[in-house]
Amino acid sequence: MYDFVVVGAGFLGAVFAHEVKKAGKKVLVIEKRDHIGGNCYSYDNPGTNINIHKYGPHIFHTPSKNIWDYINSFADFNQYQHRVLTTAGGKIYPLPINLAPINQSYNLTLTPGEVRAFLESKTPAVSSPKNLEEKAISLIGKDLYEAFVKGYTIKQWGCDPRDLPAEVITRLPVRTSYYDVYYNDDYQGMPVGGYTPIFEKMLKDIPLELKTDFLVKRDYWRSVARTLVYTGPIDRYFNYHYGKLRWRSVRFEIEKMPLEDYQGISVMNYADHEVPYTRIIEPKHFYRERAHLSPGTIVIREYPCDDPSEPYYPVGLEADRETLAKYQHAQSQEKDVIFGGRLAEYKYYDMDKVISRALQQVEELLGVDPMADRSISVSQE
Ligand code: UDP
């Protein structure tokens, strides 16, 4: 009998398991895939020593010193600061939207003091933007929306931006300066050995069953767990009783090239609808300090697609939000089951928020603050 059986070895499951084990509980982790780490799983490509994030690039960033200290207790991080370029209409612009792409787009020399009034002159007054398109136009105006957001968003989500929740676009800052680091967060970097060693450390000495689909022997796992922690897709847990939630997936096309450097930056977005991929990742640029074997680089083209067996991004259309409410009600009726993480909560979480959520759940459950021995408190998150 286990105090906890944790379903899924991504960040929610791994942090949860690590912390309850530390608190003296008996815990087992089961994982459907043949590896730990969820979609953060990474490996070193043997020919080049380039660290590859199998399920798309994960850049660690957080506004929270607590979470930064927490993750740094499992790995050293490099000094990487995320910068992104986008190719639109045959030209290259820095992202997120800041003075450089604005001035470049309009062939102007606006200053920080002038740009807000300029953008407002391009922006129809919308009192409360109801969807991604309205929100984006209210922030940057129609021209910049059409140049940098519309095509990318249609490709990324496979639907009309007017059907998408407004919050999705607020992930991207809009700046009146030339500051072009992608995230506003004070703390960011890449784990020096990739993400997988973090999970190995978190799950050290915890029994783990890989290639084990919880739903195949659901009754058995329930029978050996006082409390179940489920981090898989919420609709799948309930056998799609209220219908399927819409997820967007990604197909990756990996190409190895006999070059030192293909695109000069880790991420190049492609804003135009006609280009079939959303972005090209060149992962060696995440690790400038690393000894890569030369000559050789790897590029990964990302093609968003619908593949229900590989859920990545919760789409969150109106119908999904209604279905989710039903599943959330069903969740609240389940006894001795904790649901958490991007898949189980159908929430566009970043890694730091998932870690924070896991720590909070441990604290609520055990009544002990898992950060206490680090002399910092998770309840400040
Ligand atoms: N987005 C866009 N153009 C870009 C980059 C992002 O329109 O060049 C929009 C798009 O709708 C995307 C959202 O902003 O889904 C969030 O982008 P982010 O870079 O946070 O996506 P992630 O890294 O999670 O894939």
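S.K.: Lay out the pairing of strand β7 (residues 91-95) in plain terms, naming residues and giving numbers.
M.R.: Where strand β6 (residues 84-88) lies against β7, five bridges are found, and the strand directions are antiparallel. Within the sheet, the bridge partner assigned to T86 lies in β7 and is Y93. Hairpin connection between β6 and β7: a loop of two residues separates the two successive antiparallel strands, and G89 in this loop has a positive phi of roughly 55°.

S.K.: Can you break down helix α3 (residues 99-106) residue by residue, with the values?
M.R.: The buried fraction of α3 is high, at six of eight residues. Buried residues of α3: L99, A100, P101, I102, N103 and Y106, and no others. The secondary structure elements touched by the buried residues of α3 are β7, α4 (112-121) and α5 (132-157). Its side-chain oxygen at 2.8 Å from the backbone nitrogen of A100, N98 defines the N-terminal cap of α3. After α3 finishes, the residue N107 shows a positive phi value of roughly 55°.

S.K.: Mind laying out the sheet that holds β7, listing which residues take part and the relevant values?
M.R.: Strand order in this open sheet of seven strands is β7-β6-β12-β13-β14-β11-β15, and the pairing throughout is mixed. The open sheet has two edge strands, β7 and β15 (313-314), and neither has a second partner. Relative to strand β13 (residues 279-281), strand β12 (residues 267-270) is paired through three bridges, and the arrangement is antiparallel. Bridge pairing in β13 places V267 opposite I281.

S.K.: Explain the site of the ligand residue by residue, including any values.
M.R.: Inspection of the region around the ligand gives 16 residues, with T153, W157, Y182, Y313 and Y348 positioned closest. Here an oxygen atom of the ligand and a side-chain polar atom of Y182 are 2.6 Å apart. Measuring from an oxygen atom of the ligand, one finds a side-chain N or O atom of R279 at 3.3 Å. Out of a free accessible area of 530 Å², the ligand has 94% covered by protein chains. No other element matches the six residues that α5 contributes to the shell around the ligand. Among the residues forming the shell around the ligand, the class breakdown is 11 nonpolar, three polar and two charged.

S.K.: For empty space enclosed by the protein, give the residues involved together with the corresponding values.
M.R.: Taken as a whole, this structure holds one cavity of 30 Å³ or more when the rule is applied. In this structure, the largest cavity is lined by 13 residues; those nearest its centre are I52, H53, G56, P57 and I300. Those elements giving two or more residues to the lining of the largest cavity turn out to be β4 (50-53), β11 (247-257) and β14 (297-305). Here the element with the most residues in the lining of the largest cavity is β4; it accounts for three residues.

S.K.: Please set out the pairing of β14 residue by residue, giving values where relevant.
M.R.: The buried fraction of β14 amounts to eight of the nine residues, a majority that puts the element mostly inside the structure. Where β11 and β14 come together, nine bridges link them in antiparallel fashion. Across the sheet, the residue bridging to E255 is V299, located in β14. As judged from the three bridges shared by β13 and β14, these two strands associate in the antiparallel manner. Each residue of the ladder has a partner; that of I281, found in β14, is I300.

S.K.: Describe the pattern of salt bridges, naming the residues involved and giving the relevant values.
M.R.: Enumeration according to the criterion identifies 21 salt bridges in this entry. When the shortest N-O distance is used, the salt bridge between E134 and K130 registers 3.7 Å. By relative accessible area, E134 is classed as partly exposed at 24%. By relative accessible area, K130 is classed as exposed at 66%. By sharing partners, the salt bridges in this structure join R246, R248 and D306 into a single network.

S.K.: Got a sec to walk through the packing of α3 against α5? Specific residues and values, please.
M.R.: Orientation of α3 relative to α5, taken along the N-to-C sense of each, is 105°, at an axis distance of 11 Å. Classified by the interaxial angle, the pair formed by α3 and α5 is roughly perpendicular. Listed contacts from α5 to P101, I102, S105 and Y106 of α3 are D143, L144 and F148. Residues of the contact of α3 with α5, tallied by class, amount to five nonpolar, one polar and one charged.

S.K.: Quick one: what's the story with the environment of Y237, residue by residue and with numbers?
M.R.: Along the chain, the position of Y237 falls in helix α8 (residues 234-237). Taking the C-alpha atoms as reference points, Y237 and F214, 23 residues apart in sequence, are found 9.2 Å from one another. Look past the residues within four positions of Y237 in its chain and what remains in contact with it is F214, L215, R218, R222, L228, Y230, E334, V337 and F339. A polar side-chain atom of Y237 sits 3.5 Å from a polar atom in the side chain of R222. Looking at Y237, its side chain comes within polar contact range of the side chain of E334, at 2.6 Å.

Criteria and thresholds
Residues numbered from 1 in each chain as written. Predicted model: local features only at pLDDT ≥ 70, side-chain atom pairs only at ≥ 80, totals over all residues. Heavy atoms only, no water. Pairing = 2+ DSSP bridges. Helix = DSSP H or I, 4+ residues; strand = E, 2+ residues; numbered from the N terminus. Buried < 20%, exposed > 50% of the residue type's maximum accessible area, 1.4 Å probe, protein only. Contact = heavy atoms within 4.5 Å. Polar contact = N/O pair within 3.5 Å; in protein donor to acceptor, adjacent residues only side chain to side chain. Near = heavy atom within 4 Å. Areas by Shrake-Rupley, 256 points an atom, 1.4 Å probe, with all protein chains shown as cover. Nonpolar A, V, L, I, M, F, W, Y, C, P; charged D, E, K, R; others polar. 1 Å grid on protein atoms, 1.4 Å probe; cavity = no way out; pocket = protein on both sides within 12 Å on 5 of 7 lines; lining within 4 Å. Points joined across faces, edges and corners; volume = space filled by probe spheres on them. Salt bridge = Lys/Arg side-chain N within 4 Å of Asp/Glu carboxyl O. Axes fitted to C-alpha atoms, helices over the stretch in contact; angles between N-to-C directions. Parallel < 35°, antiparallel > 145°, perpendicular 65-115°, else oblique.

Everything listed here is a matter of geometry and, on its own, says nothing about what the molecule does.
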